[in-house]
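# Examining the three-dimensional arrangement
If you want the building blocks of each chain, they are given just below.
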Amino acid sequence: DDTAAIQAALDAGVGYCPAGTYRFSTIFLNNGQELYGDSSANTTLKLKDGLSLSVLTGVCCKAGPVAEGRVHDIALDGNISNFVGQTWPELNTVKHHGINFGVQGNGPLSCKLWNIYSHDWVRNCFLFGGARPNDHVRGWNLRGKNSGIDHLFYTQASFDLVLVDTVCEGYWHGGAITCQGDTFIDTTMRNITPNPWAVEGRLSWGGQHQGNAPCG
């Protein structure tokens, strides 16, 4: 588990992860901090095995609004196949997301994201929420692929969010992009596939599965 080492480097100001694959659970981004890798093709943070679906995961904003946080040139692997077969009471008890900005009121006051590949998450590959109208996020070259029970890109509140050169791939359930008045420029949909986890007993909650409909 590389979580503590990455968090310690980040808390010292800059969290640089050289090329390689790192196991992690939750990384918290605070004011002015920067998390980045060699590139999204060469540096991967992969969710470690055995976590409860109720554990908050991903790259998250620290408590309170985060100013001038930056994440870039990295891949986030949600390791979805490790969690197949788990059942939970309801959707909102599942807290596995990739970029996880603004959950529980921790808004991204001013953050920038670029060159990120977030894929194979139980819930959202990119989640933005809990923000205030004056908050703003800018993103470039963000690629979301494969969400078992939710979205590739999801915003919970309307604020100043602009994402350029966004790519949606693979499968999802809730929607490739679900937003509220946000701006997506030059979005590409490609290599769309049926959701393999939308089958009874594979990913379910409260005895109900997601259904067998194709993604979208």
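Quick caveat, the model's predicted, so the values are computed rather than measured.

So, about the overall build of the chain. Within the chain, the regular secondary structure consists of 1 helix and 18 strands. For the chain, the computed accessible surface area is about 8600 Å², with 49% contributed by carbon and sulfur atoms.

A few words on the nonpolar core. One finds Leu35, Val71, Ile99, Phe101 and Phe128 to be the most contacted residues of the largest nonpolar core, which totals 44 residues. A total of 4 residues in this core trace back to one element, the largest contributor, which is strand β10 (residues 110-121). With near-sequence residues (within four places) excluded, isoleucine 99 lies in contact with Val59, Val71, Leu76, Leu113, Ile116, Ser118, Cys125, Phe126, Leu127 and Phe128.

Across all of its chains, the model carries 8 salt bridges by this definition. Of the charged contacts in the structure, one is a salt bridge between glutamate 169 and arginine 143, with a shortest N-O distance of 2.3 Å. Linking glutamate 169 in strand β14 (residues 160-170) with arginine 143 in strand β12 (residues 136-147), this pair joins segments that are 26 residues apart in sequence. Taking the relative accessible area as the measure of exposure, glutamate 169 reaches 3% and is therefore buried. According to the relative accessible area criterion, arginine 143 is partly exposed, its value standing at 25%. Of the charged contacts in the structure, one is a salt bridge between glutamate 169 and arginine 190, with a shortest N-O distance of 3.4 Å. Residue glutamate 169 is found in strand β14, and its partner arginine 190 is found in strand β16 (residues 183-192); the two are separated by 21 residues along the sequence. Salt bridges linked by common partners bring Arg143, Glu169 and Arg190 together as one network.

With that out of the way, let us pick up unusual backbone geometry. Of note, the phi angle at aspartate 73 is positive, near 55 degrees, even though the residue is not glycine. Tracing the chain through its elements places aspartate 73 in strand β7 (residues 67-77). We classify aspartate 73 as buried; its relative accessible area is 17%. With a phi angle near 60 degrees, aspartate 120 is a residue other than glycine that sits in the positive phi range.

What follows deals with the sheet that holds strand β11 (residues 126-128). With respect to topology, 6 strands assemble into an open sheet ordered β3-β6-β9-β11-β13-β15, the strand pairing being parallel. Bordering the open sheet on either side are β3 (26-29) and β15 (175-178), each of which pairs with just one other strand. Shown here is a sheet whose adjacent strand axes are inclined to one another by a mean of 15 degrees, direction ignored.

A few words now on the pairing of β7. Taking burial as the measure, the 11 residues of β7 include 8 buried ones, the bulk of the element. Judged from the 3 bridges that link them, strand β4 (residues 34-37) and β7 form a sheet pairing that is parallel. Of the residues in β7, the one forming a bridge with leucine 35 is valine 71. Relative to β7, strand β5 (residues 43-47) is paired through 3 bridges, and the arrangement is parallel. What sits directly across from lysine 46, in β7, is aspartate 77.

For the structure on display, the rule yields 0 disulfides. Between cysteine 60, a free cysteine, and cysteine 61, which holds the nearest cysteine sulfur, the sulfur-to-sulfur gap is 7.9 Å. Unpaired in this structure, cysteine 111 has its nearest cysteine sulfur neighbour in cysteine 61, at a distance of 4.8 Å. Relative accessible area serves as the criterion here: at 1%, cysteine 111 is assigned to the buried category.

With that settled, consider the pairing of β5. Counted residue by residue, β5 has 4 buried out of 5 residues, so it is predominantly covered. Note that strand β2 (residues 20-24) and β5 share 5 bridges and pair parallel. Within β5, the residue paired with arginine 23 across the bridge is lysine 46.

Cut-off values and rules
- Residues numbered from 1 in each chain as written.
- Predicted model: local features only at pLDDT ≥ 70, side-chain atom pairs only at ≥ 80, totals over all residues.
- Heavy atoms only, no water.
- Helix = DSSP H or I, 4+ residues; strand = E, 2+ residues; numbered from the N terminus.
- Areas by Shrake-Rupley, 256 points an atom, 1.4 Å probe, with all protein chains shown as cover.
- Core = buried A, V, L, I, M, F, W, Y, C linked by side-chain atoms within 4.5 Å.
- Buried < 20%, exposed > 50% of the residue type's maximum accessible area, 1.4 Å probe, protein only.
- Contact = heavy atoms within 4.5 Å.
- Salt bridge = Lys/Arg side-chain N within 4 Å of Asp/Glu carboxyl O.
- Pairing = 2+ DSSP bridges.
- Axes fitted to C-alpha atoms, helices over the stretch in contact; angles between N-to-C directions.
- Disulfide = S-S within 2.5 Å.

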